[in-house]
Amino acid sequence: MKLNPFNRKVGIALGGGAAKGIAHIGVLKAMEEKGINIEYISGTSIGALVASYYAFGKSIDALEAISADMSFSSLIGFRLQKQGIFSTDSVKEMIEKDIGDVYIEQANIPLAICATDIATGEQVILREGKLSDAVCASLAVPGVFIPVKIDGRTLVDGGLTENVPVSILDKMGAGITIAVDLNGCPHYQEPKDLIAIMGNAIDIAIDVRTKEQISKADLILSMDFAHFSRLGNEKEFQELMTLGYEGMSQKLNQYFWYKRIRYFFYIRKVLLLIMPIKIPDVLNNTKLFRRWFSKRG
């Protein structure tokens, strides 16, 4: 946490959710229309892909055009190996064609990509190095995609350690952090194939941790997309875009109120860090304050 109540630099974390990630484009569109300048961005899995395109200057229109016909089958290559069924070669080629053979540290907006070391279980935050390799690593669902080797580490889906990587934003310099969770629901779609079963299993395993992790964000957009497929939503493209757009538009009303009472949250954070006594309940009840100012948004 940055102990600076005057720091209003906005950082946003885009979470994983496979083909549901189209909603992230609507989220970013809403922020642009409200005049919110994103100064730091992080992502996991599909969130890492969208974050990368945006961080490297791709417009909302360009993102819509790229995503409109995107499906699971168009992004994978069948290459059966001991470590996985599919490769991420198609994703790598797409990124290098659309953005270039670039490095993370060259992004217009400071960018962080979350992956997991499958050998140690450690979270790996990638803030430098080849962009296409980092995104492919973050997308590599264990058992489905072949892991990606980076600097001697075997990396897979970042969702195993932090599906909405909000924790890195403070360290990057953000004063206001926003978390976008595509799996904010207590139920899951009835699985019809092996990929869906594995996807549900992974989602169930990480969702409880995700709720705890994103609770530290200043603004949380948690959406219920259980009825959407993780493999391809070409027909629902506009619906997902709209849901992301409308959801973030509503949350941004809270953002404007948040700026007005930011000193309260600053004082609360300081007290939590330095005071060895119990904070009065009225100061510790952030949910009460969030409900209060959201009704005025």
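**Q** Hey, could you go over the nonpolar core for me, with residue numbers and the actual values?
**A** Core analysis: the largest hydrophobic core is formed by 57 residues, its most contacted members being Ile-41, Leu-111 and Leu-131. When residues of this core are assigned to their parent elements, the largest contribution, 8 residues, is made by helix α2 (residues 46-55). Grouped together as the second largest cluster of nonpolar side chains are 12 residues, Val-164, Val-166, Met-172 and Ala-174 included.

**Q** Explain the packing of helix α1 (residues 22-33) against α2 to me, and be specific about the residues and the numbers.
**A** Contact geometry of α1 with α2 gives a least axis separation of 10 Å together with a crossing angle of 40°. When the axis of α1 is compared with that of α2, the two are oblique. In this structure, α1 meets α2 at a crossing whose hand is right-handed. For the pair formed by α1 and α2, the contact residues are His-24, Leu-28 and Glu-32 on the first element and Gly-47, Val-50 and Tyr-54 on the second. Counted by class, the contact of α1 with α2 contains 3 nonpolar, 2 polar and 1 charged residues.

**Q** Tell me about the pattern of salt bridges, and name the residues and values.
**A** For the structure on display, the rule yields 7 salt bridges. Ionic pairing is found between Lys-97 and Asp-98, a salt bridge with its closest N-O pair at 3.0 Å. The class for Lys-97 is exposed, based on a relative accessible area of 66%. The shortest N-O distance in the salt bridge between Glu-122 and Arg-153 comes to 2.5 Å. Separated by 31 residues along the polypeptide, Glu-122 in the loop between β5 (111-117) and β6 (123-126) and Arg-153 in strand β8 (residues 153-157) bring together distant segments of the chain. Residue class for Glu-122 comes out partly exposed when judged on its relative accessible area of 41%. For Arg-153, a relative accessible area of 29% gives the class partly exposed.

Parameters at a glance
- Residues numbered from 1 in each chain as written.
- Predicted model: local features only at pLDDT ≥ 70, side-chain atom pairs only at ≥ 80, totals over all residues.
- Heavy atoms only, no water.
- Core = buried A, V, L, I, M, F, W, Y, C linked by side-chain atoms within 4.5 Å.
- Buried < 20%, exposed > 50% of the residue type's maximum accessible area, 1.4 Å probe, protein only.
- Helix = DSSP H or I, 4+ residues; strand = E, 2+ residues; numbered from the N terminus.
- Axes fitted to C-alpha atoms, helices over the stretch in contact; angles between N-to-C directions.
- Parallel < 35°, antiparallel > 145°, perpendicular 65-115°, else oblique.
- Left-handed = near helix turned anticlockwise from the far one by under 90°.
- Contact = heavy atoms within 4.5 Å.
- Nonpolar A, V, L, I, M, F, W, Y, C, P; charged D, E, K, R; others polar.
- Salt bridge = Lys/Arg side-chain N within 4 Å of Asp/Glu carboxyl O.

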